[in-house]
Amino acid sequence: MCIEYYKLISNTAYSNSEKLFTRTFELFSILINSIQYGLTSNAGLEVIRLSLECIIPLCNRIFASQLQQTNYGLSLRNLFKVVFNLIFQNSFEIDLFEVSSNALYSLICCYQDTYTMLVNDLVAQYDDEQLKAKILSGFQALTPTNFIFSLDKRNRLKFNSKFNDFCIKTYGLLFIR
């Protein structure tokens, strides 16, 4: 039943994302809370995958309509920390690699300042200066200052490639304490 619910909201997000933004904010908030629950509830990989898939079309709509500073945009931004922690502070399954990369990229496109803050907060948790420098260097390679953040397929594929490189070169360092 749980998976069917997440299939329903994922399908709704992909097929009718613009309609979701015409409903009351309370209903949108319930959707965001459902996605957050799916990401944090330990209900299984399929629920996490479907929850991550929901984020992508919502971000596309926020980005295209420049709604980042509206209640809808701010509500979606609250999921960024959850997704960031899911990817960078927990060991995530390889089955979630592509959808995690796409959801992360979509969120970064909409909320670059939030991404910078989350990276800085993560790096600040480490005491070893060399480790900090390596992790920061990895994040800088993932999202260089000259990278163009747009949700077109070409830039998404470039990011996916950079995310793959990040996982190979830097990801393991995140779990050294």
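Our structure's up above, just so we're on the same page.
Predicted model, so just to flag it, every value in this text is computed and none were measured. (Residues numbered from 1 in each chain as written. Predicted model: local features only at pLDDT ≥ 70, side-chain atom pairs only at ≥ 80, totals over all residues. Heavy atoms only, no water.)

A. A look at the overall build of the protein. Counting its regular elements, the protein contains eight helices and zero strands. Helices and strands in the protein line up, N terminus first, as α-α-α-α-α-α-α-α. Here the C-alpha radius of gyration of the protein, 16 Å, is about what a compact globule of 177 residues would show, namely 16 Å. Counting only C-alpha atoms and orienting by the principal axes, one finds that the protein spans roughly 50 × 35 × 25 Å. Restricting the contact set of the protein to residue pairs at least 6 apart, pairs at least 24 apart contribute 77%. Carbon and sulfur atoms provide 51% of the accessible area of the protein, an area that totals close to 9400 Å². Between the averaged position of the 16 positive side-chain charges in the protein and that of its 15 negative side-chain charges there is a distance of 6 Å. (Helix = DSSP H or I, 4+ residues; strand = E, 2+ residues; numbered from the N terminus. Rg over C-alpha atoms; globule rule 2.2 N^0.38 Å. Contact = heavy atoms within 4.5 Å. Areas by Shrake-Rupley, 256 points an atom, 1.4 Å probe, with all protein chains shown as cover. Lys, Arg positive; Asp, Glu negative; His and termini not counted. Charge placed at Lys NZ, Arg CZ, Asp CG, Glu CD.)

B. Expanded view of the state of the cysteines. This model, assessed by the stated rule, comprises zero disulfides. With no disulfide partner, Cys-109 has as its closest neighbouring cysteine sulfur the one in Cys-110, 6.7 Å distant. (Disulfide = S-S within 2.5 Å.)

C. Here's a closer look at the pattern of salt bridges. The final tally for this structure, using the stated rule, is four salt bridges. Measuring nitrogen to oxygen at the nearest pair gives 2.3 Å for the salt bridge that ties Arg-49 to Glu-46. Residue Arg-49 and its partner Glu-46 are both found in helix α3 (residues 45–65); the two are separated by three residues, about one turn of the helix. A relative accessible area of 24% means that Arg-49 is categorised as partly exposed. (Salt bridge = Lys/Arg side-chain N within 4 Å of Asp/Glu carboxyl O. Buried < 20%, exposed > 50% of the residue type's maximum accessible area, 1.4 Å probe, protein only.)

D. Looking closely at the environment of Glu-93. The residue Glu-93 is located in the loop between α4 (71–88) and α5 (97–110) in this model. Take Glu-93: its relative accessible area is 41%, and that puts it in the partly exposed class. A sequence separation of 48 residues divides Glu-93 from Leu-45, and the C-alpha atoms of the two residues are 8.0 Å apart.

E. The packing of aromatic side chains, seen in detail. Overall, the coordinates contain 20 aromatic pairs when judged by the stated rule. Taken together, a centroid distance of 5.2 Å and an interplanar angle of 85° make the contact between Tyr-5 and Tyr-6 edge-to-face. Judged by centre distance (5.5 Å) and plane angle (85°), the ring pair of Phe-25 and Tyr-72 falls under edge-to-face. Pair noted here: Phe-25 is in helix α2 (residues 25–40) and Tyr-72 is in helix α4, with a separation of 47 residues, a long-range link. We classify Tyr-72 as buried; its relative accessible area is 16%. Aromatic ring contacts, followed pair by pair, group Phe-80, Phe-84, Phe-88, Phe-97, Tyr-105, Tyr-115, Phe-139, Phe-147, Phe-149, Phe-159, Phe-163 and Phe-166 into a single cluster. (Phe/Tyr/Trp six-rings, centres within 6.5 Å; stacked < 30°, edge-to-face > 60°.)

All quantities given are derived from atomic positions and should not be read as evidence of function.
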